[in-house]
Amino acid sequence: MSLIKYNNRSLKDLTTTPAAAGGGGTGALVHIKTLTASGDTTLSFVNGTDGVVLDDTYPIYKFEFINIHPSGAGSEFQVGFRDGGTDYDATKTTTVFYAYHFEGDQATTLDYNTSEDLAQSTAFQDLTVASQIGTDNDEGASGEMTLFNPSSTTFVKHFMSRINYVDDTSDPSPISVVCHVAGYCNVTAAIDAVQFKLDTNNIDLGKIKLYGIKDA
Amino acid sequence: MAIRTAVNRALTEITALPTAAALVDGNLTLLKTLTADNSANLTFVNGTNDVVFDNTYEKYVFKFIDTSIRSNTEKLGFNVSIDSGSNYNVAKTSSAFRAHHGEDDSPAALAYYGDDDLAQGTGLQPIQNGGNSDADSCISGELTIFNPSSTTFVKHFIMTTNQNNSSGNSQVLHIAGYANTTSAVDAIIFQSNTGNIDGTIKMYGVGPKQ
């Protein structure tokens, strides 16, 4: 048996976990990367770049959106997937539905949104719909999106998103809106990068966190 | 500096993690488990009974495991506090919709559910409605709260629970909204609008410590 010597400082300063104890994570949910917006046009997670892992390391990936705040009014939060090349233009078919409720109780709804779902489209998918993310200092959007098995070269790539946000563009009062989006990238090429942006304006503030979910 | 000697076998058999590693590795960290047994409420208050509910994590998840109420007229809900639990009365706006399906195959429907939404309401945010006092009846699901310690943004939450309700239906309820405050939220209470509750609620911190 080989003997390996460690000094106390090296053990104290451990920043990653031995493979025997999970290979870099302390549970099934492994934090991979956090991007913090500061007036950014886009936020991109590219496999192999800046510490991002988005390959067959994990069968499921999860993105968390925390207080996404636009730089201007009229913005919808969007996602695109890269299936080769440099463009985020993987073909997608999706469903979209949403519910909302005015702060003043003036109206509620639960409805499918036919104007922002996609049918074999290469466009970015809206993750917030029907109304736009508010721009008051305390407003924004938070939620999450799950991407299944992006590295598969056999199957389409399913994704599901749920985001709640404040919309203050409608009278007579701000609205709590929750938007559910689900669908698939209809490609058998691996998805190796995901990009988030607003359809208009920049992402003024907010964080997006990428996690891998272990299968064992 | 002290020199420690470790054999390779000892390292390969590590099953617990150094504190330093937990600071950077993302995970789902169990913070607290509370179990109600005919209890008036369950509360998670930052700094009390080892509860962490501050800027340590940017996302917290509460999981309801076989949580139940004691009569068919009760409604399980939650509220949040900005003063360490002295008051649970933060204004909240939320939307709610449900799908339900009868054990006898009727009804089967999906619709907005106005009984369980709030419009700047300071009372309990319903988690499920129309309880079921049957011995095998309960509510399971989870509530996520984003960035409760922010002093800039409102506090978004999303929640999904399922129950077998008093009408003999399987009912899934989707609720989402925000606590409309820019003060830090530092406590949460789970209780019924009337009566006591049973069951387990687990609190987790999600992701790397900040």
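Residues numbered from 1 in each chain as written. Chains lettered and ligands numbered in written order. Predicted model: local features only at pLDDT ≥ 70, side-chain atom pairs only at ≥ 80, totals over all residues. Heavy atoms only, no water.

**A closer look at the overall build of chain B**
And then number 1: On a plain count of helices and strands, chain B comes out with two helices and 14 strands.
And then number 2: Put simply, chain B has 210 residues, and 50% of those count as buried.
And then number 3: Of the contacts formed within chain B by residues at least 6 apart in sequence, a portion of 75% connects residues at least 24 apart.
And then number 4: Accessible surface, chain B: about 8,400 Å² in total, of which carbon and sulfur atoms supply 45%. (Helix = DSSP H or I, 4+ residues; strand = E, 2+ residues; numbered from the N terminus. Buried < 20%, exposed > 50% of the residue type's maximum accessible area, 1.4 Å probe, protein only. Contact = heavy atoms within 4.5 Å. Areas by Shrake-Rupley, 256 points an atom, 1.4 Å probe, with all protein chains shown as cover.)

**A look at the overall build of chain A**
And then number 1: From N to C terminus, chain A includes one helix and 13 strands.
And then number 2: For chain A, the α and β elements follow one another from N to C terminus as β-α-β-β-β-β-β-β-β-β-β-β-β-β.
And then number 3: A total of 216 residues make up chain A; the buried ones form 49% of that total.
And then number 4: Contacts in chain A between residues far apart in sequence, at least 24 positions, make up 75% of those at least 6 positions apart.
And then number 5: Here chain A displays about 8,700 Å² of accessible surface, and carbon together with sulfur accounts for 47% of that area.

**Quick word on a negative patch on the surface**
And then number 1: Residues B:Glu103, B:Asp104, B:Asp105, B:Asp134 and B:Asp136 make up a contiguous surface patch of negative charge.
And then number 2: Residue position: B:Glu103 is located in the loop between strand E6 (92-102) and strand E7 (108-112). (Patch = residues over 30% accessible without salt bridge, like charges linked within 9 Å, V, L, I, M, F, W, Y side chains within 5 Å. Salt bridge = Lys/Arg side-chain N within 4 Å of Asp/Glu carboxyl O. Lys, Arg positive; Asp, Glu negative; His and termini not counted. Charge placed at Lys NZ, Arg CZ, Asp CG, Glu CD.)

**Here's the deal with the pattern of salt bridges**
And then number 1: Tallied over the entire structure, the rule returns eight salt bridges over all chains.
And then number 2: Across the pair A:Glu64 and B:Lys59 runs a salt bridge, and its minimum N-O distance is 2.7 Å. In this pair, A:Glu64 is assigned in strand E4 (residues 60-70) and B:Lys59 in strand E4 (residues 59-69), connecting two distinct chains. Neither A:Glu64 nor B:Lys59 differs from the other in exposure class; each is buried.
And then number 3: Take B:Lys59: its relative accessible area is 2%, and that puts it in the buried class.
And then number 4: Salt bridges sharing common partners tie together A:Lys62, A:Glu64, A:Glu144 and B:Lys59.

**Here we look at the sheet that holds strand E9 (residues 125-128) of chain B**
Hydrogen bonding along the main chain pairs the strands of a sheet, whether they run parallel or antiparallel.
Residue and element names in this part refer to chain B.
And then number 1: With antiparallel pairing, four strands are arranged side by side in an open sheet as E3-E13-E5-E9. Each edge of the sheet is formed by a strand with only one pairing partner; in this case those strands are strand E3 (41-45) and E9. Each strand of the sheet is rotated relative to its neighbour by a mean of 20°, with strand direction disregarded.
And then number 2: Both strand E5 (residues 76-81) and strand E13 (residues 187-192) contribute to a ladder of six bridges, which runs antiparallel. (Pairing = 2+ DSSP bridges. Axes fitted to C-alpha atoms, helices over the stretch in contact; angles between N-to-C directions.)

**Description of unusual backbone geometry**
And then number 1: Here the residue pair B:Ser106 and B:Pro107 is connected by a cis peptide bond, since its omega of 5° sits within 30 degrees of zero.
And then number 2: When you line up the elements, B:Pro107 lands in the loop between E6 and E7.
And then number 3: The residue A:Asn201 is not glycine, and still its phi comes out positive at about 75°.
And then number 4: As for its position among the elements, A:Asn201 is in the loop between strand E12 (193-198) and strand E13 (203-213).
And then number 5: The phi dihedral of B:Asn147 falls on the positive side, at around 45°, and the residue is not glycine.

**Topic: the nonpolar core**
And then number 1: If you look at the biggest cluster of nonpolar residues, it comprises 42 residues, and the most contacted ones within it are A:Phe63, A:Phe65, A:Phe77, A:Phe81, A:Met145, A:Val194 and A:Phe196.
And then number 2: Broken down by element, this core gets its largest block of residues, five residues, from strand E11 (residues 175-185) of chain A.
And then number 3: In terms of nonpolar packing, the next biggest core, distinct from the first, is built from 33 residues, B:Phe53, B:Val90, B:Tyr113 and B:Leu173 among them. (Core = buried A, V, L, I, M, F, W, Y, C linked by side-chain atoms within 4.5 Å.)

**Considerations on the pairing of strand E14 (residues 197-206) of chain B**
Residue and element names in this part refer to chain B.
And then number 1: Where burial is concerned, most of E14 is hidden: nine out of the 10 residues are buried.
And then number 2: In the sheet, strand E2 (residues 28-39) pairs with E14 via 10 bridges, with the strands oriented antiparallel. Across the sheet, residue aspartate 37 finds its bridge partner in E14, namely aspartate 198.
And then number 3: Alignment of E4 against E14, held across eight bridges, turns out to be antiparallel. Looking at E14, one finds that serine 68 is bridged to aspartate 198.

**Some words on the sheet that holds strand E6 (residues 92-102) of chain A**
Residues and elements named next belong to chain A.
And then number 1: Taken in spatial order, the eight strands of this open sheet run E2-E13-E4-E9-E10-E11-E6-E7, and their pairing is antiparallel. Looking at strand neighbours, the two that pair on one side only are strand E2 (29-36) and strand E7 (108-112), the edges of this open sheet. Recorded for the sheet is a direction-independent mean angle of 10° between the axes of neighbouring strands.
And then number 2: Direction of pairing for strand E9 (residues 141-148) relative to strand E10 (residues 157-167): antiparallel, over a ladder of seven bridges. Considered in E10, the bridge of serine 142 is made with asparagine 164.

**Things to note about the confidence of the model for chain B**
Residues and elements named next belong to chain B.
And then number 1: Of all residues in chain B, 86% attain a pLDDT of 70 or more, and the chain-wide mean is 88.
And then number 2: Mean pLDDT across the elements of chain B bottoms out in helix H2 (residues 19-22) (45) and peaks in strand E8 (residues 118-121) (98).
And then number 3: In this model residues 19-25 is a low-confidence stretch, pLDDT under 50, and it forms 18 contacts with partners more than four residues away in sequence or in other chains. (pLDDT = per-residue confidence, 0-100.)

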